[in-house]
Amino acid sequence: MNLCNVNHGFNYELEKLCRIFLPFEKINILSYAEKSETCAVTTLLSDRVRAELYFGGKTYTEEAELSDSDPKIAELSLATCLFRCFTEATGYTPEWGLLTGVRPAKLYSRMCEREGREAAERYFSEKLFVSEEKISLCRDSSAPEQAITAKNSRNSYSLYVSIPFCPSRCSYCSFVSHSVDKAGKLIDGYLSLLCKELAETAKIAEKTGLKLETVYIGGGTPVALSAKGLETLMTAISENFDLRGIREYTVEAGRPDAIDADKLMAVKKGGATRISVNPQTMNDSVLEAIGRKHTAKQTVDAFSLAREIGFDNINMDLIAGLPTDTAESFKNTLDTLLKLDPESITVHSLSVKKAATISTTGALPEIETGVIASEMVRYARKTLTEKGIVPYYMYRQSKTVGNLENVGYAKRGYEGLYNVYIMDETHTILACGASAVTKLREPGGDYIERIFNFKYPYEYINRFDELIERKKGILDFYDKYGI
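Described in the following lines is the structure provided in the data block. The residue count restarts for each chain, going from 1 along the sequence in the order it is written. Selection of residues for local features in this predicted model requires a pLDDT of at least 70, selection of side-chain atom pairs for listing and counting requires 80 or more, and totals for whole chains, interfaces and linings are taken over all residues. The side-chain quantities take in all heavy atoms of the structure and omit both hydrogens and water.

Quick word on the overall build of the protein chain
Only DSSP runs of H or I with at least four residues qualify as helices, and only runs of E with at least two residues qualify as strands; both kinds are numbered from the N terminus onward. On a plain count of helices and strands, the protein chain comes out with 17 helices and 18 strands. Atoms considered for the radius of gyration are the C-alpha atoms alone. The globule rule reads 2.2 Å times the number of residues to the power 0.38. Relative to the 2.2 N^0.38 estimate, which gives 23 Å for 483 residues, the radius of gyration of the protein chain is 24 Å and therefore close to what a compact globule would have. In terms of overall dimensions, the protein chain has C-alpha extents of about 65 × 55 × 45 Å along its principal axes. Considering the protein chain as a whole, with its 483 residues, one finds that 58% of them fall into the buried category. Exposed residues in this analysis have more than 50% of their type's maximum accessible area, buried residues have under 20%, and partly exposed residues fall in between, with area computed by a 1.4 Å probe over protein chains only.

Description of helix H14 (residues 417-424)
Burial analysis of H14 places 8 of its 8 residues in the buried class, which makes it a mostly covered element. Directly beyond the C-terminal end of H14, a positive phi value near 50 degrees is found at Glu425.

As for the layout of surface pockets
Taking a probe equal in size to a water molecule and rolling it over the atoms shows the remaining empty space. We place a 1 Å grid over just the protein atoms. Points where a 1.4 Å probe fits but has no way out form a cavity, open points with protein on both sides within 12 Å along at least 5 of 7 lines form a pocket, and any residue with an atom within 4 Å of a point lines it. Grid points are joined across faces, edges and corners, and a volume is the space filled by probe spheres set on the points. Within this model, the second largest pocket holds a volume of roughly 1,200 Å³. In terms of lining residues, the second largest pocket is bounded by 32 residues, among which Glu75, Leu76, Leu107, Tyr123 and Leu128 are the most central. At 9 residues, the largest contribution of residues to the lining of the second largest pocket is made by helix H2 (residues 71-90). Among the residues making up the lining of the second largest pocket, the classes are represented as 16 nonpolar, 4 polar and 12 charged. Gly falls in the polar group here, along with every residue not listed as nonpolar (Ala, Val, Leu, Ile, Met, Phe, Trp, Tyr, Cys, Pro) or charged (Asp, Glu, Lys, Arg).

Let's talk about empty space enclosed by the protein
With the rule as written, the count across this model stands at 1 cavity of 30 Å³ or more. As a volume, the largest cavity reaches approximately 50 Å³. Lining the largest cavity, in full, are Glu133, Lys134, Leu137, Val377, Arg378, Arg381, Glu405, Val407 and Tyr409. Taken together, the elements giving at least two residues each to the lining of the largest cavity come down to helix H5 (132-149), helix H13 (365-386) and strand S15 (405-410). Of the residues in the lining of the largest cavity, the class split is 4 nonpolar, no polar and 5 charged.

Looking at the nonpolar core
Soluble globular proteins: nonpolar side chains tend toward being buried together. Only buried residues count toward a nonpolar core, which is a set of Ala, Val, Leu, Ile, Met, Phe, Trp, Tyr and Cys residues joined through side-chain atoms within 4.5 Å. If you look at the biggest cluster of nonpolar residues, it comprises 130 residues, and the most contacted ones within it are Leu194, Leu198 and Leu233. Broken down by element, the residue count for this core peaks at 10 residues, all from helix H7 (residues 187-208). Residues are treated as being in contact if the distance between any of their heavy atoms lies within 4.5 Å. Every residue in contact with Leu233, bar those within four places of it in the chain, is listed here: Val161, Ile163, Leu191, Leu194, Cys195, Leu198, Ile217 and Leu225. In this structure, Ile148, Tyr392, Ala410 and Ala431 belong to the second largest nonpolar core, which totals 16 residues.

Here we look at the pattern of salt bridges
Salt bridge, as used here, is a side-chain nitrogen of Lys or Arg placed within 4 Å of a carboxyl oxygen of Asp or Glu. Enumeration according to the criterion identifies 30 salt bridges in this entry. Ionic pairing is found between Glu121 and Arg117, a salt bridge with its closest N-O pair at 3.6 Å. Residue Glu121 and its partner Arg117 are both found in helix H4 (residues 117-126); the two are separated by 4 residues, about one turn of the helix. When its relative accessible area of 15% is taken as the criterion, Glu121 is described as buried. Ionic pairing is found between Arg307 and Glu343, a salt bridge with its closest N-O pair at 2.9 Å. With a gap of 36 residues between them, Arg307 in helix H11 (residues 296-309) and Glu343 in the loop between helix H12 (327-340) and strand S13 (344-349) connect regions that are remote in the sequence. Assessed through its relative accessible area of 28%, Arg307 is described here as partly exposed. The buried category is assigned to Glu343, whose relative accessible area is 7%.

Quick notes on unusual backbone geometry
Omega for the peptide link from Gly219 to Gly220 comes to 15 degrees, which places this bond in the cis form. Here Gly220 shows up in the loop between strand S9 (211-219) and helix H8 (227-240). Even without a glycine there, the phi angle at Asn7 is positive, about 70 degrees. Relative to the assigned elements, Asn7 resides in the loop between strand S1 (2-6) and helix H1 (11-21). With a relative accessible area of 54%, Asn7 lands in the exposed category. Backbone geometry places Gln280, a non-glycine residue, at a positive phi of 70 degrees. Take Gln280: it is sitting in the loop between strand S11 (274-277) and helix H10 (284-289). Residue classification places Gln280 among the buried positions, given a relative accessible area of 8%.

What about H4?
Every buried residue of H4 is listed here: Ala119, Ala120, Glu121 and Phe124. In the core, the buried residues of H4 are packed alongside helix H3 (104-115) and H5.

Re the side chain of Asp424
Turning to its location among the elements, Asp424 is positioned in helix H14. Positive charges come from Lys and Arg alone, negative charges from Asp and Glu alone, with His and the N- and C-terminal ends not counted. Here Asp424 is buried and forms no salt bridge, its nearest opposite-charge partner Arg103 lying at an N-O distance of 5.6 Å.

A short note on the sheet that holds strand S5 (residues 58-65)
Adjacent strands of a sheet form backbone hydrogen bonds with each other and so pair up, either parallel or antiparallel. One open sheet accounts for 5 strands, arranged S2-S1-S3-S4-S5; its pairing is mixed. Either end of the sheet is taken by a strand with one partner, and the two such strands are strand S2 (28-30) and S5. The mean inter-strand angle of the sheet, taken between neighbouring strand axes irrespective of direction, is 10 degrees. Where strand S3 (residues 39-44) and strand S4 (residues 48-55) come together, 6 bridges link them in antiparallel fashion. Each residue of the ladder has a partner; that of Thr43, found in S4, is Arg50. The sheet strands contacting H1 are S1, S2 and S3, and the helix crosses S1 at an angle near 145 degrees. Packed onto the sheet, H2 meets S1, S3, S4 and S5 and runs at close to 30 degrees relative to S4. For two strands to count as paired, DSSP must find a minimum of two bridges between them. Here the axes come from fitting lines to C-alpha atoms, over the contacting stretch only for helices, and the angles between their N-to-C directions go from 0 to 180 degrees.

Digging into the packing of aromatic side chains
Aromatic rings from Phe, Tyr and Trp, with only the six-membered ring used for Trp, were paired whenever their centres fell within 6.5 Å, and each pair was classed as stacked if the ring planes differed by under 30 degrees, edge-to-face if by over 60, and tilted otherwise. This structure, assessed with the given rule, holds 17 aromatic pairs. Between the aromatic rings of Tyr160 and Tyr216, the centroid separation amounts to 6.1 Å while the plane-to-plane angle is 20 degrees, which identifies the pairing as stacked. You can see Tyr160 sitting in strand S6 (residues 156-163) and its partner Tyr216 sitting in strand S9, a full 56 residues away along the chain. On the basis of relative accessible area, Tyr160 is assigned to the buried category, the value being 16%. On the basis of an interplanar angle of 5 degrees and a centroid distance of 5.9 Å, the ring pair of Tyr456 and Tyr458 is categorised as stacked. Residue classification places Tyr456 among the partly exposed positions, given a relative accessible area of 30%. Geometrically, a charge over a ring is one whose NZ (Lys) or CZ (Arg) sits within 6 Å of the ring centre while staying within 35 degrees of the ring normal. Cation over ring: Arg470 sits above Phe454, and NZ or CZ is 4.3 Å from the ring centre.

Structure representation (structure tokens):
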């Protein structure tokens, strides 16, 4: 579609707004009006704004007067007009309204601090068109987030370690991960260099006086490594980093078909205090549809094995909106997980990748999927909260079904600290491995600087010396602050 922005440059937010309704459309941004079959024209005039939407053979128009020359007010007015055109054209009102940001609870908290809760919630409702249910989710998740981040100090940091390998690739996956069958020959070389990067990173952390709070080994599927590989990795971490004062050490065990007793013993011996066993669904037909090479029973067996070995802090992930899943089968998944009694459950909304065509009615197939996914996440929130498993962090991604959110639920005292730190960007994250991104936070401030590792394992291996040179940017960053 063409997004024609006339007399203004509010391209970024208006494009993101269009993607709420047309997530798979290629959007061409123009500075002049050029109509096409699907087209939006937003115009900023001296005293008013106007939005026109050409969609499904019909034209939809909204206008609003401008009482202020503030560019932020003009941008919001244009977005509001375009949003109203889209909701009329599609018959769909997103529960997050105009809000397109990744961290809505963070915005909510900041507005509450500045203007008070009543004013913040009124703004979310009346200006951003966020539903009461999503406002209450912001309210419920922001308090635990703030309690966790309040324990940060100026020199706090977390360590993230990337293992970009999986037993096989799930059909919905958008992460940088490679199946062991295709990339297994890279694992030994990758692991050897990763241990070297960890050693160099530890030296840099020590020079800056940073204090390690949490460790998170993710992926991919970390237990795609052998038990010996896990032992090698976790030994490298314990030998190079001071783990005596850490508050959390998570290993994302992940896929049940990669978990066995030897690997869990290696993880336990290595010092992990928290693991994830991630079924995504407990319905075998849905597992087959998404390319998962395991059964629901294997999930139960892997969870039970982890308990036997002594893990008393286990998270389980599931996804709302998976292909062939229904509201009823999703309820079965959640009810089955609750019988296992994990300490936390993370409910993701499917991030969709494949384009879908517009139906003859003008509604999008992903809107219909989003309605079902919304029912799923509502059931999850109601059921989990009633059992004392409450939301503690929340974030959003682009192109999720129903424009929904991902929420971490936990029993009190079992919140995943790293999850909050990485999403709230409240302290530095030193990251190692392929596709890992180091995030350096200004001490006592909000500025974030990023250092990117190479994305793919073969790049990581072939350009390792260059990567290590980049790591010196951590010292350069902290030198600016006299550390």
